[in-house]
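One-letter residues, chain by chain:
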Protein chains: 2
Amino acid sequence: MITGKNYIGNQLSAKGTKTYKTFNPQLNLENNPIYTEATKEEIDEAVTLASKAFKSFRQTSGKRKAEFLNTIADEILALDSELIETYCSETGLPEGRAMGERGRTVGQLRTFAELLQEGSWVEAAIDTPQPDRQPMPKSDIRKMLVPLGPVVVFGASNFPLAYSTAGGDTAAALAAGCPVIVKSHPMHAGTGELVASAIIKAAEKTGMPNGVFSNLNSSGIEVGTQLVSHPGVKAVGFTGSIRGGRTLYDLAAKREEPIPVFAEMGSINPVVILPNALKNRGEALAKTYAGSITLGTGQFCTNPGLLLGIKGEELSNFIKKLSNEIVKIEPSSMLHPNIIGAYENNKQKALSQPELTVVADFNSDVKPNYARQTVTTVEGATFIKNTTLHQEVFGPYSMVVQCENAEQLEQIISKLEGQLTGTLIADNDEASQYSQVIDALQNRVGRIIFNGVPTGVEVCPSMVHGGPYPASTDSRFTAVGIHSIKRWVRPFSYQDWPNNLLPDALKNENPLKISRLVNNKQTTDTI
Amino acid sequence: MITGKNYIGNQLSAKGTKTYKTFNPQLNLENNPIYTEATKEEIDEAVTLASKAFKSFRQTSGKRKAEFLNTIADEILALDSELIETYCSETGLPEGRAMGERGRTVGQLRTFAELLQEGSWVEAAIDTPQPDRQPMPKSDIRKMLVPLGPVVVFGASNFPLAYSTAGGDTAAALAAGCPVIVKSHPMHAGTGELVASAIIKAAEKTGMPNGVFSNLNSSGIEVGTQLVSHPGVKAVGFTGSIRGGRTLYDLAAKREEPIPVFAEMGSINPVVILPNALKNRGEALAKTYAGSITLGTGQFCTNPGLLLGIKGEELSNFIKKLSNEIVKIEPSSMLHPNIIGAYENNKQKALSQPELTVVADFNSDVKPNYARQTVTTVEGATFIKNTTLHQEVFGPYSMVVQCENAEQLEQIISKLEGQLTGTLIADNDEASQYSQVIDALQNRVGRIIFNGVPTGVEVCPSMVHGGPYPASTDSRFTAVGIHSIKRWVRPFSYQDWPNNLLPDALKNENPLKISRLVNNKQTTDTI
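Rules behind the numbers
- Residues numbered from 1 in each chain as written.
- Chains lettered and ligands numbered in written order.
- Predicted model: local features only at pLDDT ≥ 70, side-chain atom pairs only at ≥ 80, totals over all residues.
- Heavy atoms only, no water.
- Domains from an automatic or database assignment.
- Buried area = accessible area lost by both parts, 1.4 Å probe.
- Salt bridge = Lys/Arg side-chain N within 4 Å of Asp/Glu carboxyl O.
- Polar contact = N/O pair within 3.5 Å; in protein donor to acceptor, adjacent residues only side chain to side chain.
- Contact = heavy atoms within 4.5 Å.
- UniProt positions renumbered as here; feature names shortened; annotations may be inferred.
- Helix = DSSP H or I, 4+ residues; strand = E, 2+ residues; numbered from the N terminus.
- Least-squares fit on C-alpha atoms with pLDDT ≥ 70 in both.
- Buried < 20%, exposed > 50% of the residue type's maximum accessible area, 1.4 Å probe, protein only.
- Core = buried A, V, L, I, M, F, W, Y, C linked by side-chain atoms within 4.5 Å.

As annotated in an unreviewed UniProt entry, chain A carries the name NADP-dependent aldehyde dehydrogenase and is attributed to Xanthomarina spongicola.

Here's what the structure looks like:
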C-alpha cells in the first residue's frame, strides 16, 4: 500500500510539509496518493544511517549480498499487479512495457547476485614476497576492489523500474557493498515507494543493516542538491537530462571532497545510412526507422534523433518513405505533461531554425499528453553551422541530414558531441570503403551498431551504455551490465598483511575459489 | 645535448621569450642551460599534432606500441651519464638514487610493453547472438577498452624520472594508445628534455606518428592551465601538491566537456603503533622510523608524517628513542630552494600551533638547501580539534600523536583526510584486538601495510598508489602498476559488427590469442 512517506532506512517517515502528487497522462488526471518531500533532517538521518550501515555492509560476504539482491527481486515480483498498475498510472505506458521492464529489473538484480556468488569480480591480485631480492626485498602485496561508501541514485523519468529505485545503479551499488539512498523521481513516486518497500523487506529478511537503503521523496531540486553536497555521500548515479546531470556533476566537483558522478545524459544517437544500403533496402529501412523513432513515444535515451546520408535520389526517396511510414503510426502518450511540454518546446525551437524542412508531421488531433511524431531534413552545411540542430529533442522526433559527400559526412560526425550510440547502415562490401567515416563515428560514441537500430540496450557483460561527454560524465564506465559495478569501487592494497586478517578473497587458501591474478598469472590456485 | 627548447612533436621549437634556468641545490647555484617556455601557439600546435596522431596511434597494434615503449627504455639508457649528471645537478639527489630511479622508469616502460605483447589487458568481452531468443532476438555484442585521446602529463618535482617525462603516467597513456603532452617540471627541465629526446628518437625509430609525444617547458602556471583547458586534451595525469592538483581538477571540471584528472597529491601516511609492539620492539622501530622519515630528505609522497600511539610509558620511551635516532642522521639537501622554503614555512606553521611539543630538532648548522629533520608530539585531543596539524609538512618531519585509548585512536583515524597509505605496527596477536581501528584505517587509505614502512612503492600488479581524496582526485584508479592504464581508456561496444571489420582483439578467430570473456566465461578459445 502506498503511504506517500519516505523510507529513512527501514522506517517510514514524513516530517515535512511540502507535498505533491503524481499524474496519469492517459487520463490527464492527478493520481490520488499524496507524497511528502523529505526534509533536511530526514536527509541527514538517511545519510548518517547509510554511513553506519556501510561499516558492516562493506564487509558482508558476496553470498549474503547475493541473497539480499535475489530477495529484492522476489519481493518486487510479489508486489504483483499493484506495482504494474501504479507504474502504468504514473507513466501512461502500457502494461506490456511495465511487465517487460519489471523482468529486466529483476533480471539485473539476479545477474549481480550471480556475479557475487561467483566472486571473481573483485579482481583479486596477489604478488608473493621475495625476501632475498636485491637490492631490496620484495613485500607481499595483495589487491582487491572495495566499495566507495554511500551512493545516491537519481531515478530516471523514462525507466521507473530498470533505471530507478531498484534499477541498474542501485543493483550495482548494493552488489559492490555500498548503501544506497534513492532520490525518488517525482513523476513515479508511487512506483518508487512500492519498489523501496520491496528493498526494505528484503533487507530485513536477509539481515542487512538498517540504513543500507533509503528512499527520499522530492518534487524539486532541493533534496538532490542536499544529497550530492552531503559529506557522507561518496558517489552519485544519475540518468536524465544534460542540464540535470551537469548540475549534479558541478555540485559534486565543487565539494571539499569531490566525489564521482556517473550521469548518463542526452544523446541523439546518429545513424549513418550508406548509399548502397539505401538503394537496396530503402523501403525496409524506412519502416524499421519509423518504428525505432516512435518506440516508447521516442522516450529512450538511445532514440535515433539524427539520420545522416549522402544527398541524392536514394536519400530523397528514403526521406519520403520514412515520412509516409511514420505518420501511419498511432501517436502515444508521453510520461508526463512536463515531458510533452518540453518535447513541444524543443521541437518548436528546432523547427524555427533557418533552412530546415519539415517532411513528416502527424497533423490530426491527438489526446492530451500524446506526442505528434515529426521528421525534418537539413543540408549538411546547414547542420554544421547551426549547433542548435545538434541538440536532443526528447520524443518521437528525428532529423535527416543530407551531406554533400563522404568528407562532409565525416566532418559532421567529428563535430558531434559525445553519444551513447552510433549506427552504420551499410551493404555487404560498402563499409570498408568508408573507414574514415566509421573511425570518426567510433570516436564519438560508446557503442556502434551495424545494420540495426540503437533502441534496445541488451543487459550483458559486453554492453557499454555510456560514452564521451555529454552521453555520460565519465566515458570510462558503463551504466549497464555487470561491469557497471566498477563505478562504485576502488582498488585497495594490503602489504605484508597476516593471512588470517586478510579478506577471504585474498587469503592464501583461496576459500572463495575465485580467479585471481597471482604473480601476474590468472589462476584459481591456492598460494 | 640540452637545447632548452620544447619538443612540439618531433620538432625542437623555442618561439617564446620567457626563459628560465634550473638550480643545483648542492652547489646552491643556477645551472647553465636556458629553457624557453612554450607559447600559446606552440601549445596549440602540440595539441593539434596529438589529435592528428591519435587517429592512427589508437589503432596501432599492441606489438608495435610495445616496440615503441621498449625503444624508449633503450634510448633512456643510451643517454647514460649525461642523464645521470643532469638529474643530480637539478635535484641535489645522489647518483645512486638517480640510477635507481632510472632503473624503475625503464622497468615500468618494459612492464607495459609486456602487457601490450600479451594483449589481454583490453578486457575483451563477447556475447554471441541468439537469433531465436523470445520475445526478442539477441544481438552479437563485443566490448573492449579503447584509448581516450591526447593525455597531458605533469611531471613531479620529487621523481624527475619515474613520475615525470617518461614516468608511470606517460608509459601507461602511451601503452593505452593515447598521445602524450608533457608539461615539463621547471625544476628539472634538463632531465625532462633529455628524456623527451629519447622518446622522440624512439617514436621515429619505431614509426610512430609525429605528435604522439610533445614536451613543453614551463616555469609558471600558464602552460599547464592552457593545456588542461584545451578542447583537444582528453585526460590529465598529475603528481604534486594538493593545491596544484585541485586547481587542475577544478579547471578540468569547469570545461564545456569535463575531462578526467588523475592527480596524486598529498598524504601524511598515518602509522599506528600498537602497545605490545612498542613494548617489545620500541627501539628497533625508532631506528626504522628515523630512517623512513628522513629517507630522500622526506621527499616521498609516502613519507610517514603521522605516528599514532596510545599514551603511556612505552610511547614516551619510543618518542625519546626516535628523537635520539633521528638527530643522528646527517641532513641532506632538498630538491630546490622553493622546496626547502616551503618546508621551513610549513614546519614553522605546525610548530606555532598551541599544545605542540618539539621532541627532536636538528640544531647544528647545515649547508644551504639542507633540511633539518624535526619530530613533534601532541595529545590526541589537541590533534582532533586542530586540523592545521593534519596538514602535510613535505620534508623530514613527523608528529607523534598520543591518544588516550583505542577509541580516541579510532576517532582520530576516521577524521583524517584520505591517505595514500596507512601502516599498522602490531605484535602477533595484537592486531585482532584492534579490528575497529584497522577498519577505520582501511576506510581512509589506498594501501595498508603491516609491520613495515610506507616509503617504497613496489611496481607490481597488486600495488595501489592512490586513495580517497585528497590522496588522489579519483580513488577508483591507481597511479602505479599495470592497472594504472585504466585511467586512460574507456570501454567500447560493437553490436552485430562484421567479423572482418572488428579489431583483432574481438575477431572470432582470436588472432591475438588473448584471454576473453565469452558468454561470461573467461577463455582463449575462438568463437
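There is more to say after this.
A. Spatial organisation of the domain arrangement of chain A. All names here are of chain A. Looking at the assigned domains, one finds that chain A contains domain 1 (15-265 + 477-487) and domain 2 (270-450). On a C-alpha basis, the centroid separation for the pair domain 1 and domain 2 is 33 Å. Approximately 1,400 Å² of surface area, both sides summed, lies buried where domain 1 meets domain 2, with 60% of it carried by carbon and sulfur atoms. Ranking the residues of domain 1 by area buried against domain 2 places Pro25, Asn158 and Met187 at the top, with a combined share of 33%. Along the contact surface separating domain 1 from domain 2 lie zero salt bridges. Across the contact surface, domain 1 and domain 2 share four residue pairs in polar contact (both at pLDDT 80 or more).

B. Up close: the interface of chain B and chain A. If you look at the interface, chain B gives 69 residues, while chain A gives 69 residues. Roughly 6,100 Å² is buried in total at the junction of chain B and chain A, and carbon and sulfur atoms are behind 52% of that figure. Among the residues chain B hides against chain A, the three largest losses belong to Ser462, Arg476 and Trp497 of chain B. Together they make up 12% of the total. Viewed at the interface, chain A and chain B are joined by eight salt bridges. With a shortest N-O distance of 3.3 Å, glutamate 123 of chain A and lysine 486 of chain B are connected by a salt bridge.

C. Representation of the UniProt feature "domain: Aldehyde dehydrogenase" (unreviewed entry) in chain A in the model. Per the UniProt entry, the sites bearing "domain: Aldehyde dehydrogenase" (unreviewed entry) are residues 16-459 of chain A in this numbering. From the first C-alpha to the last, residues 16-459 of chain A spans 38 Å; its make-up is 44% helix and 18% strand.

D. Molecular detail of the relation of the copies chain B and chain A. Superposing chain B onto chain A takes a rotation of 180° plus a shift of 0.0 Å along the axis, which leaves an RMSD of 0.0 Å. A rotation of that kind, with that shift, is consistent with a two-fold axis. Closest approach to the rotation axis within chain B is made by the C-alpha atom of alanine 253 of chain B, at a distance of 3.3 Å. Comparing interface residues between copies, 100% of those in chain B also sit at the interface in chain A, which points to an isologous, same-surface contact.

E. Fine view of the environment of valine 236 of chain B. Residues and elements named next belong to chain B. Mapping valine 236 onto the fold places it in strand β12 (residues 235-239). In this structure valine 236 comes out as buried when scored by relative accessible area, which is 0%. Between the alpha carbons of valine 236 and tryptophan 488 there is a distance of 8.9 Å; along the sequence they are 252 residues apart. Apart from the residues lying within four places of it in its own chain, the contact partners of valine 236 are Val152, Phe154, Val228, Ile259, Pro260, Val261, Phe262 and Trp488.

F. Region of the structure containing the nonpolar core. Ranked by size, the top nonpolar core spans 224 residues in total, and within it Phe68 and Ile72 of chain A together with Phe68 and Ile72 of chain B carry the most contacts. Setting aside chain neighbours within four positions, we find isoleucine 72 of chain A in contact with Leu109, Ala166, Leu174, Ala198, Ile199 and Ala202 of chain A. If you look at the next biggest cluster of nonpolar residues, it comprises 52 residues, including Val233 and Leu248 of chain A together with Leu248 and Ile259 of chain B.

G. Summary view of the side chain of glutamine 353 of chain B. Residue and element names in this part refer to chain B. Counting through the fold element by element, glutamine 353 comes out in the loop between α10 (337-351) and β16 (357-361). Note on glutamine 353: relative accessible area 15%, which makes it buried. A distance of 2.8 Å separates the side chain of glutamine 353 from the side chain of asparagine 386, its partner in a polar contact. Not counting the four nearest positions on each side in its chain, glutamine 353 is found in contact with Asn386, Thr388 and Leu389.

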